[in-house]
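Residue-level structure breakdown
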Amino acid sequence: MIDLGYMAGLFPVILGYVPLTVAMAAGSMAGALVLSSILAVIRVLRVPVAHQLAGVFISFFRGTPLLVQLFLFYYGLPQAVAFFTRIDGITAAMLGLTLHFSAYMAESLRGAILGVARDQWEAARSVGMTEVQTMRRIILPQAARVAAPTLINYFVDILKSTSLAFTLGVTEMMGAAQKEAAGSFRYLEAFLTVAVIYWVIVEALSRVQKALEVRLGRGVRA
């Protein structure tokens, strides 16, 4: 039988770690957005050498499991690079999330950029804009509007993926549930509680996404 009383007492405990979980997700999303934008622009403009390097980066981080990447940053690289011995679990988790999801977001942004009508480029060129100016002033703002709902999906994925941070010793929501379960042996109640909390947060974000899609759809129709 599920101990509902135990679950009720567990909710406040795990909710106390929501700010850390959301902060990790938000920081990783911000870093991934910046990096993915750079990668997407490099890929679209086919910048020599950088284009090939970006392709290798995207291929590696899309082709290997996130958990492996987290372990690589936290346990593996410190043996080869002294700098990584100074980073903690939270930093390693955010670094892994940033790099992993930037690879996926870069391809989505690249698709959004390529989806902008070609005559926009030609019009910008006709008034003397460089490719970089065209990208920054005309193409990226339009691509961002197209990609915005998809980016919220990525934020949801990042938020859920923060649950892997407990494997690096980080006490976020999943880490807190694991500790509570280990102390009480109430694994079902502990993991069900954290699952419900994640579910509620994701449902709230899904509603934001739908509202954004409606608003952007009005802008396109207008």
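Everything numeric here is computed off the predicted structure, so don't read it as measured data.

A few words now on the packing of helix 5 (residues 89-114) against helix 7 (residues 131-161). The N-to-C vectors of helix 5 and helix 7 enclose an angle of 140°; their axes lie 9 Å apart at closest approach. When the axes of helix 5 and helix 7 are compared, the pair comes out oblique. In this structure, helix 5 meets helix 7 at a crossing whose hand is right-handed. Each of Leu-97, Phe-101, Tyr-104, Met-105, Ser-108, Leu-109, Ala-112 and Ile-113 in helix 5 lies in contact with helix 7, whose residues at this interface are Met-135, Ile-139, Leu-140, Ala-143, Val-146, Ala-147, Thr-150, Leu-151, Tyr-154, Asp-157, Ile-158 and Ser-161. Grouping the constituent residues of the contact of helix 5 with helix 7 by class yields 16 nonpolar, three polar and one charged.

In this numbering, the UniProt entry assigns the feature "transmembrane region" (unreviewed entry) to residues 20-42, 54-77 and 83-104. Between the C-alpha atoms that bound residues 20-42 the distance is 33 Å, and the span itself is 100% helix and 0% strand. The straight-line gap between the two end C-alpha atoms of residues 83-104 is 27 Å; of that span, 73% is helix and 0% is strand.

A few words on the pattern of salt bridges. Applying the stated criterion across every chain, the model contains four salt bridges. For Asp-3, the salt bridge is made with Arg-186, and the minimal N-O distance between the two is 3.9 Å. A residue pair is termed long-range when its members are at least 10 positions apart, and Asp-3 in the segment before helix 1 (4-15) and Arg-186 in the loop between helix 8 (173-184) and helix 9 (187-221) qualify at 183 residues. For Asp-3, a relative accessible area of 28% gives the class partly exposed. Among the residues examined, Arg-186 registers a relative accessible area of 33% and is labelled partly exposed. As a salt-bridge pair, Arg-43 and Glu-107 come within 3.6 Å of each other at their nearest N and O atoms. Note that Arg-43 is positioned in helix 2 (residues 18-45) and Glu-107 in helix 5, a separation of 64 residues in sequence. Taking relative accessible area as the criterion, Arg-43 reaches 18% and is therefore assigned buried. With relative accessibility at 23%, the residue Glu-107 sits in the partly exposed group. What emerges from the salt-bridge pattern is a single network uniting Asp-3, Arg-186 and Glu-189.

With that settled, the discussion passes to the environment of Lys-210. Structurally, Lys-210 is set in helix 9. Since its relative accessible area comes to 56%, Lys-210 is described here as exposed.

So, about the packing of helix 2 against helix 5. Two elements in contact, helix 2 and helix 5, have axes whose closest approach is 6 Å; the angle formed by their N-to-C orientations is 40°. On the basis of the axis angle, helix 2 is oblique to helix 5. For the element pair helix 2 and helix 5, the recorded crossing hand is right-handed. Residues belonging to the contact of helix 2 with helix 5 are distributed by class as follows: 21 nonpolar, seven polar and three charged.

Thresholds applied
- Counting of residues starts from 1 at the beginning of each chain's written sequence and follows it residue by residue.
- Per-residue local features of the predicted model are confined to residues with pLDDT of at least 70, and side-chain atom pairs are confined, for both listing and counting, to 80 or more; whole-chain, interface and lining totals are unaffected and use all residues.
- Side-chain descriptors were evaluated using all non-hydrogen atoms of the structure, hydrogens and water having been removed beforehand.
- Axis definition: a line fit to C-alpha positions, over the contact stretch in the case of helices; interaxial angles, taken between N-to-C directions, run 0 to 180 degrees.
- Numbering of helices and strands runs from the N terminus; a helix is a DSSP stretch of H or I covering at least four residues, while a strand is a stretch of E covering at least two.
- Each angle gets one of four labels, with under 35 degrees taken as roughly parallel, over 145 as roughly antiparallel, 65 to 115 as roughly perpendicular, and the rest as oblique.
- Crossing chirality is assigned from the near helix's rotation relative to the far helix, an anticlockwise turn below a right angle marking it left-handed and a clockwise turn marking it right-handed.
- In what follows, a contact means two residues having at least one pair of non-hydrogen atoms within 4.5 Å.
- Side-chain classes are defined by residue name, with Ala, Val, Leu, Ile, Met, Phe, Trp, Tyr, Cys and Pro counting as nonpolar, Asp, Glu, Lys and Arg as charged, and the others, Gly among them, as polar.
- UniProt positions are given in the numbering used here, feature names are shortened, and annotations may be inferred rather than shown by experiment.
- We count a salt bridge whenever a side-chain nitrogen from Lys or Arg sits within 4 Å of a carboxyl oxygen from Asp or Glu.
- For every residue, the accessible area obtained with a 1.4 Å probe (protein chains only) is divided by the maximum for its type, and the residue is called buried under 20%, exposed over 50%, and partly exposed between those limits.

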